[in-house]
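In case you want the letters, here they are:
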Amino acid sequence: MYNEYDNEKFFEEYGKMARSRGGLSAAGEWHLLKPLFPPLEGKTVLDLGCGYGWHCAYAVEQGAEKVLGLDLSRKMIEEAERRNPDDKIRYRVCGMEDYEYPESAWDCAVSNLALHYIENLDGVFKKVYKTLKPGGVFIFNIEHPVFTSGVGQDWAYDDDGRPKYWPVDDYFKPGERVTHFLGCEVIKQHHTLTQILMGLLNSGFELKAVREVEPPEEMMDIPGMRDELRRPMMLLVKAVKR
Ligand SMILES: C[S@@+](CC[C@H](N)C(=O)[O-])C[C@H]1O[C@@H](n2cnc3c(N)ncnc32)[C@H](O)[C@@H]1O
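Rules and cut-offs
Residues numbered from 1 in each chain as written. Predicted model: local features only at pLDDT ≥ 70, side-chain atom pairs only at ≥ 80, totals over all residues. Helix = DSSP H or I, 4+ residues; strand = E, 2+ residues; numbered from the N terminus. Rg over C-alpha atoms; globule rule 2.2 N^0.38 Å. Buried ≥ 20, exposed ≤ 12 C-beta atoms within 10 Å, placed from the backbone. Contact = placed C-beta atoms within 7 Å. Near = placed C-beta within 6 Å. Nonpolar A, V, L, I, M, F, W, Y, C, P; charged D, E, K, R; others polar. Core = buried A, V, L, I, M, F, W, Y, C linked by C-beta atoms within 7 Å. Pairing = 2+ DSSP bridges. Axes fitted to C-alpha atoms, helices over the stretch in contact; angles between N-to-C directions. Right-handed = clockwise from strand over helix to strand, strands pointing away.

Asker: I'm lost on the overall build of the chain in this one. Help?
Answerer: When helices and strands are counted, the chain shows 8 helices and 11 strands. The C-alpha radius of gyration computed for the chain amounts to 17 Å, which stays within 12% of the reference 18 Å derived for 242 residues, consistent with globular compactness. With respect to the three principal axes, the spread of C-alpha positions in the chain is 55 × 40 × 35 Å. Buried positions account for 38% of the 242 residues belonging to the chain. If you take every contact in the chain between residues at least 6 apart in sequence, the share linking residues at least 24 apart comes to 65%.

The following block contains the structure:
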């Protein structure tokens, strides 16, 4: 299966991002994602697209008993094992489409910035629903449909090279988008807001929270960060298995 994170150049550039160097506290969504977690003392947690394993380590810090981090990229899993090892965490190279999703096995499933790589989102929602225990919580952060819809995922610029506006185009045409991210061509999948939210409801989930991320005030001095207030980039959702 295609995954840019195993491409040497992309992997290296990803490692230079603030979130890669600084972990959760350097991630623009963490102030909104963190409060969505349920109490994790003694719980089991599944992380879909775990990357370096930051959320797996957080779950253990919060008292989780058993954590499984899945990622399609061997390089990312190796990095997770190096940066965030723990006896209670198991990391595994596995596409989230291919995991076996044992029935009623997990108390909490989390996925941060990985679901916009998934074509069949409904399929993953149904599998996550199956694998959660009754009352289990699914928290995710997906690139916002306003962010993923247009061509190339970039601003339209004025003559001086300043961002003029964010183009939203082909919104109602879900599917593949070829984007330019960290100097590489990266394929992502656009899903409309209706597809995301109705996909959850149709899978049986009860929606508990929906958040569109605005960066925190203390990050506003980072170059380009103020532009992040001009359009949503990330959509956070908390859903519960009834
Ligand atoms: C932006 S990174 C986020 C990593 C981590 N969740 C975090 O927040 O630090 C996206 C991750 O999704 C992984 N990924 C992409 N497609 C995937 C798939 N089909 N199954 C599992 N992981 C996938 C990538 O390899 C990458 O590690």
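Asker: How should I be thinking about the site of the ligand in this particular structure?
Answerer: In the vicinity of the ligand, 20 residues are found, and the nearest of them are Gly-49, Gly-51, Ser-73, Asn-112 and Ala-114. Its residues assigned to classes, the shell around the ligand shows 12 nonpolar, 6 polar and 2 charged.

Asker: Would you explain the nonpolar core in this entry?
Answerer: Nonpolar side chains tend toward joint burial in soluble globular proteins. Membership of the largest hydrophobic core comes to 56 residues, with the highest contact counts inside it found for Val-45, Ala-109 and Phe-138. Here the element with the most residues in this core is strand β5 (residues 132-143); it accounts for 6 residues. Contacts of Val-45, omitting those with residues within four sequence positions, involve Leu-40, Ala-59, Ala-64, Val-67, Trp-106, Asp-107, Cys-108 and Val-110.

Asker: What is the right way to look at the sheet that holds strand β11 (residues 234-241) in this model?
Answerer: Sheet strands pair by backbone hydrogen bonding; their relative direction is either parallel or antiparallel. Read from one edge to the other, the open sheet built from 7 strands follows the order β3-β2-β1-β4-β5-β11-β10, with strand pairing classed as mixed. Whereas interior strands pair on both sides, the edge strands pair on one side only; in this sheet they are β3 (89-93) and β10 (205-212). Shown here is a sheet whose adjacent strand axes are inclined to one another by a mean of 15°, direction ignored. Alignment of strand β1 (residues 44-48) against strand β4 (residues 106-112), held across 3 bridges, turns out to be parallel. Considered in β4, the bridge of Val-45 is made with Cys-108. Strands in contact with helix α6 (residues 121-131) are β1, β4, β5, β10 and β11; relative to β5, the strand with the most contacts, it is inclined by about 145°.

Asker: So what exactly am I meant to see when it comes to the pairing of β1 here?
Answerer: Successive residues of a regular strand alternate their side chains across the two faces of the sheet. Most of β1 sits out of view: 5 of its 5 residues are buried. Going residue by residue along β1, you find Thr-44, Leu-46 and Leu-48 tucked away on one face and Val-45 and Asp-47 tucked away on the opposite face as well. Taken together, the 5 bridges between β1 and strand β2 (residues 66-71) define a ladder with parallel strand orientation. When the bridges of β2 are listed, Leu-46 appears paired with Leu-68. Read from β1 through helix α4 (residues 54-61) to β2, the crossover connection turns out right-handed.

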